[in-house]
Amino acid sequence: MPTNAHGIVPVMLTPFTSDNRIDWDGLERLVEWYLQLGADALFAVCQSSEMQRLSLEERVALAKKVVTLARGRVAVIASGHISESAEDQRAELVAMADTGIDALVLVTNRLDTAKAGTEAFRAAVESVLTWVPSDISLGLYECPAPYRRLLTDDEFKFCRDTGRFVTLKDVSCDLDVVKRRAALAEGSRLAVVNANAAIAAAAMRNGSKGFSGVFTNFHPDLYAWLYRHATDDSELRRELEIFLALAAMAEPMGYPALAKTYHTRLGTFSSAHSRAIDYDIAERHWAVMALLDHIHEGTIRFRQVIARIEQE
């Protein structure tokens, strides 16, 4: 199938059992939930997946399982690019490239671990191109951990011109940057996909090829509707745009455990266990459960309104 690494691209959670093992049954339910709610592709083994806390064996097994569960219905992209040394990065990227994924996503800060600048970045990309099969598509991810490394325009153009890159998960959180990158990508294979909810609709109107933020783990279907209707001059579009931006402000309240708690309510997961969040979110983040109630109620209300409109 053609690699479609844009549109609504959920950053996948990794469900764990209460005793800290990957919950494969929960993962199967999660994949179906994403697909039923309009995902165009799946981003497995990313920061939301807690990839920095997964062994290489777990990262590889997770990517393979998501490919199997997707059954070709949508593209699966994955990263798992977390190591410090070039030797370790080569091992993990070669292993991930062999999992059957449609695109291998490179983390920008791993391509310049010493913050040395563009020459180091370019050299690292050129090395990766010699490590992985020439027929696998690539992506870029400005992952915030361990530090956010944004691409310069020259680095963006360098990657674009290799012809290998099909997606950038843009974490600039800056509409002007998104617009500029979208213009630079025009006519190429490289799609710019914004990850910031506050500018989601405006970015869609200005060249972002969808959305790949953390709240695709709460209501990917609402982002899918917004993507299709981003230019509508309607009260519904304006109200949904505001709701999605405000709902996403809950992210600092214990994400990804926040999203996992939500999925225990939905019945997707049996446990909200997280390796990244090792505390009780209800204890630390006051009234967070009430906030989840409001997010869920708002989500249901917008779904009902959209359903009525689409039936008319």
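Now for a quick tour of the structure. (Residues numbered from 1 in each chain as written. Predicted model: local features only at pLDDT ≥ 70, side-chain atom pairs only at ≥ 80, totals over all residues. Heavy atoms only, no water.)

Thoughts on the environment of E119
Rules: Comment: elements are numbered from the N terminus, with helices defined as DSSP H or I runs of at least four residues and strands as E runs of at least two. Burial classification: accessible surface area is computed with a 1.4 Å probe over protein chains only, and a residue below 20% of its type maximum counts as buried, one above 50% as exposed, and the rest as partly exposed.
Tracing the backbone shows E119 in helix α4 (residues 118-131). On the accessibility criterion, E119 (73% relative accessible area) is exposed. Distance in space between the C-alpha atoms of E119 and E155 is 9.3 Å, their sequence separation being 36 residues.

Considerations on the layout of surface pockets
Just so we agree on the cut-off: Buried and open spaces are told apart on a 1 Å grid over the protein atoms alone, a cavity being a set of points where a 1.4 Å probe fits but cannot get out and a pocket being an open set with protein on both sides within 12 Å along at least five of seven lines. Residues with an atom within 4 Å of a point are the lining residues. Grid points are joined across faces, edges and corners, and a volume is the space filled by probe spheres set on the points. Residues are grouped as follows: nonpolar covers Ala, Val, Leu, Ile, Met, Phe, Trp, Tyr, Cys and Pro; charged covers Asp, Glu, Lys and Arg; every other residue, Gly included, is treated as polar.
Taken as a whole, the largest pocket encloses approximately 620 Å³ of empty space. Counted by class, the lining of the largest pocket contains 16 nonpolar, six polar and four charged residues. Considered as a void within the structure, the second largest pocket measures approximately 160 Å³ in volume. Around the second largest pocket, the lining residues are H6, A182, A185, E186, G187, S188, R189, L190, A191, V192, G207 and K209. Mapped onto the lining of the second largest pocket, the elements with two or more residues apiece are α6 (175-185) and β7 (191-194).

What to know about the pattern of salt bridges
Using the following cut-off: Any carboxyl oxygen of Asp or Glu that lies within 4 Å of a side-chain nitrogen of Lys or Arg is treated as forming a salt bridge with it.
All told, the structure shown has 22 salt bridges when counted by the stated rule. Of the charged contacts, one joins R21 and D19 as a salt bridge, the two residues approaching to 3.2 Å between their closest N and O atoms. Ionic pairing is found between D154 and K157, a salt bridge with its closest N-O pair at 3.6 Å. Taken together, the positions of D154 and K157, both in helix α5 (residues 153-162) and three residues apart, correspond to about one turn of that helix. Salt bridges here are not isolated pairs; linked through shared partners, they connect E32, R71 and R73.

Notes on the pairing of strand β4 (residues 103-107)
Note the following rule: DSSP calls a pair of strands paired once it identifies at least 2 bridges connecting them. The crossover handedness rule: strands pointing away from the viewer, path from first strand over the helix to second strand clockwise, crossover right-handed.
Where burial is concerned, most of β4 is hidden: five out of the five residues are buried. What you see with β4 is no split at all: A103, V105 and V107 on one side and L104 and L106 on the other are buried throughout. Bridge count for β4 against strand β5 (residues 137-141) is five bridges, and the pairing is parallel. Bridge pairing in β5 places L104 opposite L138. Crossover β4 to β5 through α4 is right-handed.

Topic: empty space enclosed by the protein
All chains considered together, the criterion is met by one cavity of 30 Å³ or more. Space inside the largest cavity adds up to approximately 50 Å³. Examining the composition of the lining of the largest cavity, we find that three residues originate from one element, strand β6 (residues 165-170), more than from any other. Looking at the lining of the largest cavity residue by residue, the classes come out as eight nonpolar, two polar and one charged.

A look at α4
Which entries qualify depends on this criterion: The span expected for a helix works out to 1.5 Å for each residue beyond the first. This arc is taken over the directions from the axis of the helix to the C-beta atoms. What makes two residues a contact is simply this: any of their non-hydrogen atoms within 4.5 Å.
Spanning 14 residues, α4 covers 20 Å between terminal C-alpha atoms, matching the ideal 20 Å at 1.5 Å per step. Residues of α4 that are buried: F121, A124, V125, V128 and W131. One face of α4 carries all of its buried residues, which in axial projection span an arc of 115°. Residues E119 and T130 are exposed on α4 and point more than 90 degrees away from its buried face. Structurally, α4 contributes buried residues whose contacts are with α3 (86-97), β4, α5 and β6.

A short note on a nonpolar patch on the surface
Basically, it comes down to this: A patch consists of residues exposed above 30% relative accessible area that lack any salt bridge, with like charges linked at up to 9 Å and nonpolar side chains (Val, Leu, Ile, Met, Phe, Trp, Tyr) linked at up to 5 Å. All accessible-area figures derive from a Shrake-Rupley calculation using a 1.4 Å probe, and residue coverage is judged against the displayed protein chains alone.
On the surface, I242, L246 and M249 cluster together into a nonpolar patch covering about 360 Å² of accessible area. As for its position among the elements, I242 is in helix α9 (residues 235-247).

Details of the packing of aromatic side chains
The line we're drawing: Each Phe, Tyr or Trp ring, with Trp reduced to its six-membered ring, pairs with another whose centre is within 6.5 Å; inter-plane angles below 30 degrees give stacked pairs, above 60 give edge-to-face pairs, and intermediate values give tilted ones.
Tallied over the full model, the rule gives six aromatic pairs. Ring centres of F211 and Y223 lie 4.1 Å apart, and the angle between their planes is 10°; on these two criteria the pair is classed as stacked. Taken together, the positions of F211 in strand β8 (residues 210-211) and Y223 in helix α8 (residues 220-228) put the pair twelve residues apart, joining distant regions of the chain. In this structure F211 comes out as buried when scored by relative accessible area, which is 1%. Residue Y223 is classed as buried on the basis of its relative accessible area, which comes to 0%.

Quick word on the side chain of E50
For clarity, the threshold we go by: Here a polar contact is recorded for every N or O atom pair within 3.5 Å, except that within protein the pair must consist of a potential hydrogen donor and a potential acceptor, and residues adjacent in sequence are included only if both atoms are side-chain atoms.
By the element assignment, E50 lies in the loop between β2 (41-44) and α2 (56-70). Taking relative accessible area as the criterion, E50 reaches 1% and is therefore assigned buried. Looking at E50, its side chain comes within polar contact range of the side chain of S274, at 2.9 Å. The residues touching E50, leaving out its near neighbours within four places in the chain, are T14, F16, P256, K260, S274, R275 and A276.

A closer look at the pairing of β6
Of all six residues making up β6, six are buried, and the element is well covered by its neighbours. Across four bridges, β5 lies against β6 in parallel orientation. By the bridge assignment for β6, L138 is matched with F165. Strand direction decides the pairing type here: β6 and β7, joined by four bridges, are parallel. Residue pairing in the sheet places L168 in a bridge with V192 of β7. For the crossover that starts at β6, traverses α6 and ends in the parallel β7, the hand is right-handed.

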